[in-house]
Amino acid sequence: MALPDPMTAPTTSPTIDSTRPVVRDLDGQVAVVTGAGSPSGIGFGIATHLAERGAVVVIGSTTERIHERVGELVEAGHQALGFIGDLVDSTVCDRLVAMVAERIGRIDILVNNAGMTTVGDVADEPAATPAEGRIDDVAWRRAIDRNLTTAFNMSRAVAPIMSAAGYGRIVNMASVSGTSMAYSGDAGYHAAKAGVAGLTRAMALELAPAGVCVNAVAPGWIATGSSTAPELAAGAATPVGRPGTPSEVAAVVGLLASPAASYLCGQVIVVDGGNGLEENRALRAS
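Structural notes, computed from the coordinates.

Turning to the overall build of the chain, a few remarks are in order. Counting its regular elements, the chain contains 9 helices and 7 strands. When burial is assessed residue by residue, the chain has 42% of its 286 residues classed as buried. Counting contacts in the chain only where the partners sit at least 6 residues apart, residues at least 24 apart contribute 73% of the total. Of the roughly 14,700 Å² of accessible surface on the chain, a fraction of 58% belongs to carbon and sulfur atoms.

Now the structure itself:
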C-alpha cells in the first residue's frame, strides 16, 4: 500500500464526525459521576461520554438542576439516575452507594469530579493569599472538603463493592493547579488538588491487588459555562492556542474508566494543551 506524498498530503486536521457510533465497551457497567449538575461542565461531559459508550450513569450535584441533566440523558436514549447531596458528609456517600447497589446491583466506575475553586464561590469572596491574612479556617476547610474530602468519602464508600467484584475503575479529577502549577489567590484549592494526586497514588497501591485501577486526570484551562474572560484568555495562550473542552477531558476519563485501562495504575494524566511544557515563555510573548 502506497503512502501519501508528504508534500501533497493535507495539512489541516481531519474533521471528526461526531455522528459516528461510539464504541460501546461499557455496556452493562454502572458509572457514578459526581459534580455533574452544570450543562456545560466537565462532569456532565464525562457522564454523557460514558453513557454513549453504554454505561448506566448515576450523576449527582448539590442542587435540583441534576434532574434536568438526567432528563437530557434519558431523552438521548441513555439510562441515567440522579442524586442530590453534599458529599462532604460521608453518610451521604454511604447512602448513595447503598442505593445504587440496591437498585442496580453493581458499581464499576466512579468519577470523583465534585469540587470547585474559591473564585465564583457562593459567598462571592475576593481572592486572598495567605500573606494577606484573609484565608480563615472556614474558607480553608471548605476548599479542602469540596475538592479532596468528597473524593475520599466516595472512594471509601465504593471500594468494598469494587474489591468484592474483583473489578473497578476510580478516576479522580485533579488539576494542573496544585500538582504542577499554581496561581495566586486560592491556596486551599491548590492544596486540595495536590492532595487528590496523593490520594490517587495511595489508593492505587491499596486497591490494585483487588483489580481496582485508580487514576486521575489533571485538566488545564477548560472552557465551560462558568469560565471567566481571563481564564479563556489563559487557554488561548497555551501552545495549542485555545482552551480545552469538557469533551476532550471526558475522552481521557473514558480511557481510564474502560476495561482497556487494566495496567494503568496511580497515574495523573495532564490535559492542558501543552501549557506546562514551555520553559521560556518570553520567546512566545515577544
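Turning our attention to the pairing of strand β2 (residues 56–61). A regular strand carries its side chains on alternate faces of the sheet. A large share of β2 lies buried, amounting to 6 of its 6 residues. By the alternation rule, side chains of β2 split into V56, V58 and G60 and V57, I59 and S61, which are all buried. Summarising the sheet, strand β1 (residues 30–33) and β2 pair through 4 bridges and their orientation is parallel. Within the sheet, the bridge partner assigned to V33 lies in β2 and is I59. Each parallel crossover has a hand, and for β1 linked through helix α1 (residues 42–52) to β2 it is right-handed. The pairing of β2 with strand β3 (residues 80–84) spans 5 bridges and is parallel. Note that in β3 the partner of I59 across the bridge is G82. Handedness of the crossover joining β2 and β3 through helix α2 (residues 66–75) is recorded here as right-handed.

Further remarks concern the packing of helix α3 (residues 90–103) against helix α4 (residues 137–165). Packing of α3 against α4 brings their axes to within 8 Å, and their N-to-C directions diverge by 35°. Between α3 and α4 lies a crossing of right-handed hand. Across the interface between the two elements, S90, C93, D94, L96, V97 and A101 of α3 pack against N153, M154, R156, A157, V158 and I161 of α4.

What counts, and where the lines are drawn
- Residues numbered from 1 in each chain as written.
- Predicted model: local features only at pLDDT ≥ 70, side-chain atom pairs only at ≥ 80, totals over all residues.
- Heavy atoms only, no water.
- Helix = DSSP H or I, 4+ residues; strand = E, 2+ residues; numbered from the N terminus.
- Buried < 20%, exposed > 50% of the residue type's maximum accessible area, 1.4 Å probe, protein only.
- Contact = heavy atoms within 4.5 Å.
- Areas by Shrake-Rupley, 256 points an atom, 1.4 Å probe, with all protein chains shown as cover.
- Pairing = 2+ DSSP bridges.
- Right-handed = clockwise from strand over helix to strand, strands pointing away.
- Axes fitted to C-alpha atoms, helices over the stretch in contact; angles between N-to-C directions.
- Left-handed = near helix turned anticlockwise from the far one by under 90°.

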